[in-house]
Amino acid sequence: MTLRIVLAMSGLIVTAACQPAPDQAATEAGTDGATSTTVERQTHDAATFHQTTSFGMASSAGFAWSSDDSRVLISSDETGVFNAYAVDPATGGREALTTSETNATYAVSWFPTDDRAVVTADSGGNEISHIFVRELDGRLNDITPGEEVRAQFLGWAPNGNDMWLMTNERDQSAMDIYAYDTLSYESGFVFQNDDALQIGDISPDGRWLALVRNRTSADSDILLLDLASGETEPSVITAHEGNIAHGVYTFTPDSSQLVYATDEHGEFNQAWTYDLADGSTAPLIEADWDVQFVIYSDTGRYRVSGINADARTEVTILDAQSGDTLALPELPAGDINSVRFSRDESRIAFLINSATSPSNLHVVDLASQDHAQLTNALNPAVTEDEMVDAQVVRFESFDGLEIPGILYRPHGASADNPVPALVWVHGGPGGQSRIGYSATIQHLVNHGYAVYAANNRGSSGYGKTFFHMDDRRHGEEDLRDIVAAGDWLRTQDWVNADEVGVIGGSYGGYMTAAALTFHPEAFEVGINIFGVTNWERTLASIPPWWESFREALYDEMGDPATDAERHHAISPLFHAENVIRPMLVIQGANDPRVLQVESDELVEAVRANGVPVEYVLFPDEGHGFRRRENRITASEAYLGFLDTYLRGAGDTPAE
């Protein structure tokens, strides 16, 4: 529920939490022990790892189960491009509801009373998403047309006759709320968002609207509007002093309470309730980690919540009638996510994901405890035994601060067989590397490259103090954490100390380019994937639909009007003459966040140094990967680059 997600790159890695964390001491000790094995493992090409199938559930605000509970709505990229599918919960049979060969199309919701489906898609990764209805005859109907119109699904009106959508058709910088008639698709205003607030949620009875005003990345308020009152100005319900961050989880199904996030009472986001009748508040879920989400079944009998426990998601399903945690049968190792109840609440559908297995769709009958896995996402050409499981490992940074991260150690890596290694940097800037299946990482590890995904200071998930340590200091201490991660890898006897590189996407791409620029001898190579290299241009050209986050973004990164000198100082492009180590740059031509010109200019500038630079431009991608064939191409480019310039290269100066 914390802000800091603006530059996070979509589609680079499929991330989700997985297996229960082992004892911390055992985890740390395990990083020093040998993990060599006598089993001979085959190396595979990138396609083998990427030709898994990624599955995603319909929106929690919509209906994942059809009106008669006979089908489950999911997204799948089994053709190489995401499309919407209907799954038979009895047999696992899938029917393609959309058949796009170009633009990723994601499932959103079934209609309340028939088999029409809501889906969403943008154009070539430009992030200008439209809402489409998949009609009963199979036609795909764009109900939010307009070249610059961006639309999102919000929910269904209580009578089932209207669909609530958010669009920026009136003002590109603000998402207004409209009610779309489910038969004519004609729309009418529900809320005009003149202050460009962040839309939170609408109560199930359609009366209450929750919004968020983000003052800074550390301070925000929730506002509430009674839509039935005729008033147009929402009221602040979280008045406070100092920096306190708030967010909206959901309303209770009976529309009596708002469930919201707050870090007022400690380091982590906790779930509290606000009573809509009398304004009283009370704690709902308190934990030693951030509460990630809270959702309810339609009747309110079941409450599902998730805790971000050390880069893994721990899910609890509470039966409100009994007050007990819902019993589930023995399930495959991994983390449950995207829990969706059938309309009659007799069954649940959900995904399970782990470091060694992509997300698979499961269904459990709550009465009989019968369980079925409906999909097999992993490519049969590779087994889970060939994958490398992930470990949570911490190290001390340059100033003694403990930095957490996710370690992937190749099979057979040992003091007698040291391997090259990479520091992986997540996006954000306040993102988090989490345990989950990554075809990109498993491909690299399969070819003998260790990967350590460092959660440098400024990462989310480890408390608000850690989270804000890099505010207006990006490219400074957080970058030194990444350099320190490389230094830590070099101390491991199973790592070749002369073969350590850095790789990252989005903000992680910036950190990669910054490492090669401002710490030019810290890494042997760098792979910059969709990375910011000119903060002056990026912050001055953010998309208009980021308006609700603009002030908070500027508070964290600095306002271009007043902080241009700092932005110039931390931008790799303006200091590219310092780069002496080989670099690979990946860019999407349609990227609205990191414009192609940034990568074009960086590549030209570094090549002028006589440094090897490889450049891969994808004409049909935006900020991240939506097409499997492009993910495969990129992964092969990573491996080819590393095999050329890192493995065996040692400290050989660039030519």
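Residues numbered from 1 in each chain as written. Predicted model: local features only at pLDDT ≥ 70, side-chain atom pairs only at ≥ 80, totals over all residues. Heavy atoms only, no water.

### Observations regarding the overall build of the chain
Step number 1: Within the chain one finds 11 helices and 36 strands.
Step number 2: In summary, the chain has a C-alpha radius of gyration of 24 Å against a globular reference of 26 Å for 655 residues, a match within 12%.
Step number 3: Principal-axis analysis of the C-alpha atoms places the extent of the chain at approximately 70 × 60 × 50 Å.
Step number 4: Expressed as a percentage of the 655 residues in the chain, the buried residues total 60%. (Helix = DSSP H or I, 4+ residues; strand = E, 2+ residues; numbered from the N terminus. Rg over C-alpha atoms; globule rule 2.2 N^0.38 Å. Buried < 20%, exposed > 50% of the residue type's maximum accessible area, 1.4 Å probe, protein only.)

### Focus: the sheet that holds strand E12 (residues 187–191)
The strands making up a sheet associate through hydrogen bonds between their backbones, and the pairing can be parallel or antiparallel.
Step number 1: Taken in spatial order, the four strands line up as E9-E10-E11-E12 in an open sheet, and their pairing is antiparallel. At either margin of the open sheet sits one strand with a lone partner, and together these are strand E9 (151–156) and E12. Adjacent strand axes in the sheet meet at a mean angle of 35°, parallel and antiparallel pairs treated alike. (Pairing = 2+ DSSP bridges. Axes fitted to C-alpha atoms, helices over the stretch in contact; angles between N-to-C directions.)

### Some thoughts on the side chain of Asp 219
Step number 1: Mapping Asp 219 onto the fold places it in the loop between strand E14 (208–214) and strand E15 (220–226).
Step number 2: We classify Asp 219 as buried; its relative accessible area is 8%.
Step number 3: In this structure the side chain of Asp 219 is engaged in a polar contact, spanning 2.7 Å, whose partner is the side chain of Arg 215.
Step number 4: Setting aside anything within four residues of it in sequence, one finds Asp 219 in contact with Arg 213, Asn 214, His 240, Gly 242, Asn 243, Ile 244 and Ala 245. (Polar contact = N/O pair within 3.5 Å; in protein donor to acceptor, adjacent residues only side chain to side chain. Contact = heavy atoms within 4.5 Å.)

### Observations regarding the pattern of salt bridges
Step number 1: Inspection of the entire model under this criterion finds 29 salt bridges.
Step number 2: Measuring nitrogen to oxygen at the nearest pair gives 3.6 Å for the salt bridge that ties Glu 402 to Arg 394.
Step number 3: Given a relative accessible area of 15%, Arg 394 falls into the buried group.
Step number 4: In this structure, Glu 476 engages Arg 473 in a salt bridge whose closest nitrogen and oxygen atoms are separated by 2.9 Å.
Step number 5: Here Glu 476 falls in the partly exposed class, since its relative accessible area comes to 27%.
Step number 6: For Arg 473, a relative accessible area of 35% puts it in the partly exposed group.
Step number 7: What you see here is one network of salt bridges that share partners, running through Arg 71, Glu 95, Asp 115 and Arg 134. (Salt bridge = Lys/Arg side-chain N within 4 Å of Asp/Glu carboxyl O.)

### Some remarks on unusual backbone geometry
Step number 1: The omega angle of the peptide bond from Gly 428 to Pro 429 is 15°, so this bond is cis rather than trans.
Step number 2: Its place among the elements puts Pro 429 in the loop between strand E31 (419–425) and helix H3 (439–446).
Step number 3: The backbone phi angle of Asp 310 is positive, close to 55°, even though this residue is not glycine.
Step number 4: Turning to its location among the elements, Asp 310 is positioned in the loop between strand E22 (302–309) and strand E23 (312–319).
Step number 5: On the accessibility criterion, Asp 310 (9% relative accessible area) is buried.

### A word on the packing of H3 against helix H11 (residues 628–645)
Step number 1: Here H3 crosses H11 at 30°, and the two axes come no closer than 10 Å. Judged on the interaxial angle alone, H11 and H3 are roughly parallel. The way H3 lies across H11 gives a crossing that is right-handed. Contact residues: H3 offers Thr 440, His 443 and Leu 444, while H11 offers Ser 635, Glu 636, Tyr 638, Leu 639 and Leu 642.
Step number 2: Classifying every residue of the contact of H3 with H11 gives four nonpolar, three polar and one charged. (Parallel < 35°, antiparallel > 145°, perpendicular 65-115°, else oblique. Left-handed = near helix turned anticlockwise from the far one by under 90°. Nonpolar A, V, L, I, M, F, W, Y, C, P; charged D, E, K, R; others polar.)

### Overview of the packing of aromatic side chains
Step number 1: A full pass over the atoms with the stated rule returns 17 aromatic pairs.
Step number 2: Pairing Tyr 178 with Phe 189 gives two aromatic rings, centres 4.8 Å apart and planes at 20°, and the pair type is stacked. Here Tyr 178 is found in strand E11 (residues 176–181), whereas its partner Phe 189 is found in strand E12, with 11 residues between them in sequence.
Step number 3: The partly exposed category is assigned to Phe 189, whose relative accessible area is 46%.
Step number 4: Taking 5.0 Å as the distance between ring centres and 45° as the angle between the ring planes, the aromatic pair formed by Tyr 452 and Trp 488 counts as tilted. On the criterion of sequence distance, the pair formed by Tyr 452 in strand E32 (residues 450–454) and Trp 488 in helix H5 (residues 477–491) is long-range, its members being 36 residues apart. (Phe/Tyr/Trp six-rings, centres within 6.5 Å; stacked < 30°, edge-to-face > 60°.)

### A word on the nonpolar core
Step number 1: One finds Tyr 408, Tyr 452, Phe 523, Ile 586, Tyr 638 and Leu 642 to be the most contacted residues of the largest nonpolar core, which totals 86 residues.
Step number 2: Discounting chain neighbours no more than four positions away, the residues touching Phe 523 are Val 423, Ile 482, Val 483, Gly 486, Arg 490, Val 500, Gly 501, Val 502, Ala 515, Leu 516 and Arg 581.
Step number 3: One finds Phe 55, Leu 165, Leu 351 and Leu 374 within the second-largest nonpolar core, a separate group that totals 40 residues. (Core = buried A, V, L, I, M, F, W, Y, C linked by side-chain atoms within 4.5 Å.)

### Things to note about the environment of Gly 622
Step number 1: One can find Gly 622 in the loop between strand E36 (613–618) and H11.
Step number 2: Judged by relative accessible area, which is 0%, Gly 622 ranks as buried.
Step number 3: The spatial distance from the C-alpha of Gly 622 to the C-alpha of Phe 530 is 8.8 Å, given a sequence separation of 92 residues.
Step number 4: Setting aside residues no more than four positions away along its own chain, Gly 622 makes contact with Gly 124, Gly 125, Phe 530, Gly 588, Asn 590 and Asp 591.

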